[in-house]
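# Understanding the architecture of this molecule
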Amino acid sequence: MQSYLNSPEWLRSGLFWRTFIMLATLVMTSMIVWFVSFRSLERTPRAQQLSSQIVSIVTITRAALTHSIPETRRELLLDLAHEEGIRINLVSENDKVEVQENTAFFSELSQMLRVKLSNSTRFAKSVNDIKGFWISFDIDAEQYWLRLDTDRIEPPMTLPVISWATASLILTLLGAAVISKLINDPLSRVSLAARLLAQGKQPDPLPELGPKEIRETNASFNSMVEDLARIETDRTIILAGISHDLRTPLARMQLEVEMSNLDQHARLGMQSDLSQMDAIINQFLDYAKPLDSHGFATINISDLLAQVISEYARVNHLQIRTDIAPDQLMLGNATELHRMFSNLIENASRYGKNPDKISTIIEVQCSRKTKGKKQGILISFRDYGDGAPVDDMVRLLRPFTRADASRSQANGSGLGLAIVDRIIKRHRGRLRIYNHEDRGFVAVMIFPEYKPE
């Protein structure tokens, strides 16, 4: 659990990014709405202030031109252009005029200026390809263009405004990331602990800190993990105890059968029943036996499979066909994997007989899968029996479960596939069982491949 908190795995969480994007979008949308609302509310006061300034400039300019000496008027126009950025031209019929864009601010400003100056006042974005804010006014019978810098009408985004907007955006994103992580962390911890629990591992207790709902959820989860661990321990002790206690009377019964004056047929029948009981007890012990994943070692699974198959090669009614790729390596416990392969062969031998109900054909394949999402060492066992009902597939992996109706000689304990599934999960593998489309029952498992550095 601590490794999760110290790793960037939370960055790959879909919930984290969903929460982050939603919070960031909400805050940024609020900022945009605020900015638009502010611009809308300050538009009229800004238009009034600007119209008063423009009217004052036009009035002063008109007065200066009206009362100036004609000989000095040119110098006056040059001084206005140089000092104040005000350019004045006579209106000509040949002027090339580009009309101003009819924005909401310009519409309100032009209306105020026409009221204060004249209804015949004209506005332009450029005159004779010279950009600016152009406004016309009359002096006696003549019309003039007065040019103002565009910055006076629409002030540019200054560095402080850009800096403020950037800082606000960064703080918004950082705040959204922190809030998303605070929301996502408790759920991610519960999710990780649930995955570990499903894999048969014991997760660390969840921290019972934070808001009331999180504390109660974590406390309930910790209590559930403790109850499951206690139930698992009790079940293991009970199974191991019962199996161990049955060994003594079972051995005594075997001795009594050997020494009794029974006929050969009865003796063989009782010995078969006692052997079956001994096999069931062995399955109980196998299912109850704990496995320490820290004791895993590198295993050549190809050689292990060949060893198990050679042990069953002497069984007369078994015919095992193999297609095993050499030198497939994985981390695991050789004893547990040997037991798992033996259970699969015995399960096929008992339930997967051919239509003649005498012999059994088993196909064993082992290969390395390098394509697709599920990559690793792929192992499959297939028989040519009657298969199992589709509705029973999930149930067959549960302890003490058998599909008696479809698979003959159902005289086992119902732990074979449960033991197989348990060992596969302990080795971080996955198991799939199904009926082959032609005939027979198939068990396919995939294990992580060990790659020496």
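Being a predicted model, the structure only gives us computed values, none of them experimental.

### Quick notes on the overall build of the chain
Each helix and strand counted, the chain has 11 helices and 12 strands in total. Across the 453 residues of the chain, 35% fall into the buried class. Nonlocal contacts in the chain, meaning residues at least 24 apart in sequence, comprise 67% of its contacts between residues at least 6 apart. As presented, the chain carries roughly 27200 Å² of accessible surface, and 57% of it is formed by carbon and sulfur atoms.

### Description of the nonpolar core
Core analysis: the largest hydrophobic core is formed by 36 residues, its most contacted members being Ile301, Leu337, Met340, Phe341, Ile379, Phe381 and Met445. Contributions of two or more residues to this core are made by helix H9 (301-312), strand S7 (318-324), helix H10 (334-351), strand S9 (360-369), strand S10 (376-383), helix H11 (416-426), strand S11 (430-435) and strand S12 (441-447). If you look at the next biggest cluster of nonpolar residues, it comprises 21 residues, including Ala47, Val58, Leu109 and Ile135.

### Some points on the sheet that holds S12
In a beta sheet, neighbouring strands pair by backbone hydrogen bonds and run either parallel or antiparallel. With respect to topology, 5 strands assemble into an open sheet ordered S7-S9-S10-S12-S11, the strand pairing being mixed. Each having just a single partner strand, S7 and S11 make up the two edges of the open sheet. Ignoring strand direction, the axes of neighbouring strands in this sheet form an average angle of 15°. In this structure, S11 lies alongside S12, joined through 6 bridges in antiparallel fashion. Each residue of the ladder has a partner; that of Arg432, found in S12, is Val444. In this fold H9 packs onto S7, S9 and S10, with an angle of close to 165° to the strand it touches most, S7.

### Some words on the pattern of salt bridges
Summed over all chains, the structure comprises 7 salt bridges. Its salt-bridge partner being Asp386, residue Arg439 comes within 2.7 Å of it at the nearest N-O pair. Taken as a pair, Arg439 in the loop between S11 and S12 and Asp386 in the loop between S10 and H11 lie far apart in primary sequence, 53 residues in all. Residue Arg439 is classed as partly exposed on the basis of its relative accessible area of 31%. Taking relative accessible area as the criterion, Asp386 reaches 45% and is therefore assigned partly exposed. Notably, a salt bridge pairs Asp421 with Lys425, separated by 3.5 Å at the nearest N-O pair. Separated by 4 residues within a single helix, Asp421 and Lys425 lie in helix H11, roughly one turn from each other.

### Considerations on the packing of aromatic side chains
Throughout the structure, instances matching the rule amount to 3 aromatic pairs. Ring geometry for Phe123 against Phe133: centres 6.1 Å apart, planes inclined by 40°, an arrangement best described as tilted. With Phe123 in strand S3 (residues 123-127) and Phe133 in strand S4 (residues 130-139), this pair connects stretches of sequence that are 10 residues apart. Accessibility assignment for this pair places Phe123 and Phe133 in one class, buried. One Lys or Arg, Arg350, reaches over the ring of Tyr351 and ends 5.8 Å from the middle of that ring. A cation over a ring is seen here: Arg432 above Tyr434, with NZ or CZ 4.3 Å from the ring centre.

### Observations regarding the sheet that holds S4
With antiparallel pairing, the 5 strands of this open sheet are ordered in space as S1-S5-S4-S3-S2. Among the strands making up the open sheet, the edge pair consists of strand S1 (87-90) and strand S2 (97-98). With 2 bridges connecting them, S2 and S3 associate as antiparallel partners. Among the inter-strand pairings, Glu98 is bridged to a residue of S3, identified as Ser126. Sitting on the sheet, helix H4 (residues 104-116) touches S3 and S4, and the angle it makes with S3 is about 110°.

### Notes on H10
Taking 1.5 Å per residue as the helical rise, H10 with its 18 residues ought to reach 26 Å, and the 26 Å between its terminal C-alpha atoms agrees with that figure. With 13 of 18 residues buried, H10 lies mostly within the body of the structure. One side-chain oxygen at the N-terminal end of H10 lies 3.0 Å from the backbone nitrogen of Thr335; it belongs to Asn333.

### Examining the packing of H9 against H10
Interhelical geometry of H9 versus H10 gives an angle of 45° and a closest axis separation of 10 Å. The angle between H9 and H10 places the two elements in the oblique class. Between H9 and H10 lies a crossing whose hand is right-handed. When H9 is examined against H10, the residues Ile301, Leu304, Leu305, Gln307, Val308, Glu311 and Tyr312 are found in contact with a partner set consisting of Ala334, Leu337, His338, Phe341, Ser342, Ile345 and Glu346. Classifying every residue of the contact of H9 with H10 by side-chain character gives 9 nonpolar, 3 polar and 2 charged.

Rules behind the numbers
- Residues numbered from 1 in each chain as written.
- Predicted model: local features only at pLDDT ≥ 70, side-chain atom pairs only at ≥ 80, totals over all residues.
- Heavy atoms only, no water.
- Helix = DSSP H or I, 4+ residues; strand = E, 2+ residues; numbered from the N terminus.
- Buried < 20%, exposed > 50% of the residue type's maximum accessible area, 1.4 Å probe, protein only.
- Contact = heavy atoms within 4.5 Å.
- Areas by Shrake-Rupley, 256 points an atom, 1.4 Å probe, with all protein chains shown as cover.
- Core = buried A, V, L, I, M, F, W, Y, C linked by side-chain atoms within 4.5 Å.
- Pairing = 2+ DSSP bridges.
- Axes fitted to C-alpha atoms, helices over the stretch in contact; angles between N-to-C directions.
- Salt bridge = Lys/Arg side-chain N within 4 Å of Asp/Glu carboxyl O.
- Phe/Tyr/Trp six-rings, centres within 6.5 Å; stacked < 30°, edge-to-face > 60°.
- Lys NZ or Arg CZ within 6 Å of the ring centre and 35° of its normal.
- Expected span 1.5 Å × (residues − 1).
- Polar contact = N/O pair within 3.5 Å; in protein donor to acceptor, adjacent residues only side chain to side chain.
- Parallel < 35°, antiparallel > 145°, perpendicular 65-115°, else oblique.
- Left-handed = near helix turned anticlockwise from the far one by under 90°.
- Nonpolar A, V, L, I, M, F, W, Y, C, P; charged D, E, K, R; others polar.

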